[in-house]
Amino acid sequence: MTSARILLLATAALCGGRILLAQDTTKTLDQGVRVGITYTPGVRPGMVVIPGASLDSLRAIVQRDLDYSDRFELLVLPPATGRFGETPAPGLAPPPLNYQLYRTLGANYGVELAAGPGGILVRLHDVTAGTVRREATVPLPDPSDPGFRLAAHRVSDEIVRWVIGTPGIAASRLAYVQDRRVWLIDSDGANPTPVTTATEEALSPAWSPDGRRLAFTLLGGGHGSIVLADLATGARTTVPTTGSFLNITPSFSPDGRTLAYARSSEDGTDIYTADVAESCCVQRLTVGRYADNLSPTFAPDGRRIAFVSTRAGLPQIYAMAADGTDQELLAPFDYGVSGSSNAPEWSPDGARVVFHREVMRDPQLFLLDVAGGRVRQLTSAGRNEDATWAPDGRHLAFVSDRSGRRQMWVIDVETGRIRQIGTSGAARLPSWSRRLGAASLTTNP
């Protein structure tokens, strides 16, 4: 954890503090408001996950999630016994929190996790003000339960929302290709899970907006079909793509009813859409005439589609209306300076499109400001490609060989902070889900 400050505190220093419990700490969580907390964008306030005698696995997940949100400077405390450094005697209240100590250490906020009636008690301490600002209870499954990690990630996301007003990205997953199989992995790089079998060859995974299905290309018999997999049941359906062609690069519309994809034949590659809600209505959107049109990505309002086309020579980023009309160059390019552009993906807020473009023969990530038409280079070390947006529109996952082999990395586009998501083999074609479900925290009276 390179950004964290390691604080070597004696256990005795954590004893004998004071805690002030506010009586009017919260409003209901689903209102999405902050109460009495000041958060300055661009500033990373100090955050500490307060030690305790139990719930170690939960604390570890929450602490890592808060660090990976890139919103806070995490203060890492040494292991301690008890809530704040000592074990209370049976029947007595836990020792109080020493706000002055945590202020001295640079903490602005403290997160307390404790077992309570009906679930896990989650408190957000405003260390600067010396009070409790938010407090809620969440029922969590046992750590051995398969749903424990996602439930813990949802707790982390709500803590982020308490401070900044919008939730974090921990309760999301990445789909990717490794060894010709589609895999899923948690946003923190844990829990890799295969979706396809070892005997199948798959490409181009894409999430449905609700996170319940995954679309991908399944190769076989000289062609490629697009398959929809229900992640809860494992059930599969094949998209009606009309004919035995190579169908690749699927992308869901924001409402999840339409799937755009590219179909390749001897005449070139063109973009089609299919109504996957009704399993019908295949429509052709481009007419390549021996050019290639592929990698469609819907704008978040569903009205436009960005895509790659070779109609002018090298692959470049174009856009069109969702019905195929009004096709135009979207990302300006400079002949002789940079090369082909590929793999666009529209940001969740619709303001930007990320793609990779060759620079000195190596692909690098670029961001396009859709309104202004400005293009900004985001990476320069190694080969970097196939970027995908996190739900917050601030983080990107992408594939890079900067560590010596192709692995997934995550970058904060505002600060440039970067971290690796390690996989056992070479990773390709990542796709980041939207937030998976809502946190079930109940405000305490």
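What you see is a predicted model; the values in this text were computed from it and never measured.

Conventions adopted
What you see as residue numbers is a count from 1 along each chain, following the sequence as written. A pLDDT threshold of at least 70 governs which residues receive local features in this predicted model, and a stricter bar of 80 or more applies before side-chain atom pairs are shown or counted, although totals over entire chains, interfaces and linings include all residues. To get the side-chain values, all heavy atoms of the structure are used, and hydrogens and water are removed first. The axes used here are C-alpha line fits, helices contributing only the stretch in contact, and every angle between their N-to-C directions lies in the interval 0 to 180 degrees. Helix and strand assignments come from DSSP, with helices taken as H or I runs of at least 4 residues and strands as E runs of at least 2, each series counted from the N terminus. Should an angle fall under 35 degrees it is called roughly parallel, over 145 degrees roughly antiparallel, and 65 to 115 degrees roughly perpendicular, with every other angle called oblique. Note: crossing handedness is left-handed where the near helix turns anticlockwise from the far helix by less than a right angle, and right-handed where it turns clockwise. Whether two residues touch is decided by their heavy atoms; if any such pair falls within 4.5 Å, the residues are in contact. Under the grouping applied here, Gly and all other residues not named as nonpolar or charged are polar, the nonpolar ones being Ala, Val, Leu, Ile, Met, Phe, Trp, Tyr, Cys and Pro and the charged ones Asp, Glu, Lys and Arg. Note on pairing: two strands pair once DSSP finds at least 2 bridges between them. The rule is simple: take the accessible area with a 1.4 Å probe, protein chains only, and divide by the maximum for that residue type; under 20% is buried, over 50% is exposed, in between is partly exposed. Throughout, nonpolar core names a set of buried Ala, Val, Leu, Ile, Met, Phe, Trp, Tyr and Cys residues whose side chains join them through atoms within 4.5 Å. Of the grid points, spaced at 1 Å and generated over the protein atoms alone, those admitting a 1.4 Å probe that cannot get out make up cavities, while open sets with protein on both sides within 12 Å along at least five of seven lines make up pockets; any residue with an atom within 4 Å of a point is treated as lining. Grid points are joined across faces, edges and corners, and a volume is the space filled by probe spheres set on the points.

K.L.:
Explain the packing of helix α1 (residues 56-68) against helix α3 (residues 148-164) here, please?
P.N.:
Helix-helix packing is characterised by the crossing angle of the two axes and by the distance between the axes. Two elements in contact, α1 and α3, have axes whose closest approach is 9 Å; the angle formed by their N-to-C orientations is 50°. Here α1 lies oblique to α3, going by the angle between them. Of the two possible hands of crossing, α1 and α3 adopt the one that is right-handed. Where α1 approaches α3, its residues Ser57, Leu58, Ile61, Val62, Arg64, Asp65 and Leu66 are matched on the opposing element by Phe148, Arg149, Ala152, His153, Val155, Ser156, Ile159 and Val160. A class-by-class count of the residues in the contact of α1 with α3 yields 9 nonpolar, 3 polar and 3 charged.

K.L.:
Quick question: what am I supposed to make of the sheet that holds strand β25 (residues 374-377) here?
P.N.:
Across the sheet, 4 strands lie side by side as β22-β23-β24-β25; this open sheet has antiparallel pairing. Looking along the sheet, the strands with just one partner apiece sit at the ends: β22 (338-346) and β25. Adjacent strand axes in the sheet meet at a mean angle of 30°, parallel and antiparallel pairs treated alike. In the sheet, β22 pairs with strand β23 (residues 352-359) via 5 bridges, with the strands oriented antiparallel. Across the sheet, Glu345 pairs through a bridge with Val354, a residue of β23.

K.L.:
What's the story with the environment of Thr273 in this structure? I'm lost.
P.N.:
The residue Thr273 is located in strand β16 (residues 268-275) in this model. On the basis of relative accessibility, which here comes to 7%, the residue Thr273 falls in the buried class. Considered as a pair, Thr273 and Ser251 are 22 residues apart in the sequence and their alpha carbons are 9.3 Å apart.

K.L.:
Looking at this model, I keep getting lost on the nonpolar core. Mind explaining?
P.N.:
Where a protein is soluble and globular, its nonpolar side chains tend to be buried together. If you look at the biggest cluster of nonpolar residues, it comprises 24 residues, and the most contacted ones within it are Met47, Leu66 and Val122. Contributions of two or more residues to this core are made by β2 (46-49), α1, β4 (109-116), β5 (119-126), β6 (131-138) and α3. It is α3 that provides the largest number of residues to this core, a total of 8 residues. Those residues in contact with Met47 that sit more than four places away from it in its chain are Leu66, Phe72, Glu73, Leu74, Leu75, Tyr109, Gly110, Val111, Leu124 and Val163.

K.L.:
Looking at this structure, I do not really get the side chain of Ser187. What am I missing?
P.N.:
The topology assignment puts Ser187 in the loop between β8 (181-186) and β9 (193-194). Not counting the four nearest positions on each side in its chain, Ser187 is found in contact with Ile169, Ala170, Ser172, Arg173, Arg419, Ile421 and Trp432.

K.L.:
Whenever I open this one, the layout of surface pockets confuses me. Can you help?
P.N.:
Space left empty within the atom packing is revealed by a probe, the size of a water molecule, rolled over the atoms. Roughly 960 Å³ of internal volume is contained in the largest pocket. The wall of the largest pocket is formed by 38 residues, among which Pro250, Ser251, Thr297, Pro344 and Glu345 lie closest to the centre. Broken down by class, the residue content of the lining of the largest pocket amounts to 22 nonpolar, 12 polar and 4 charged. For the second largest pocket, the calculated volume is near 610 Å³. The wall of the second largest pocket is formed by 26 residues, among which Leu150, Arg173, Leu184, Leu231 and Leu436 lie closest to the centre. For the lining of the second largest pocket, the secondary structure elements donating two or more residues are α3, β8, β9 and β12 (223-230). Top contributing element to the lining of the second largest pocket by residue count: α3, with 4 residues.

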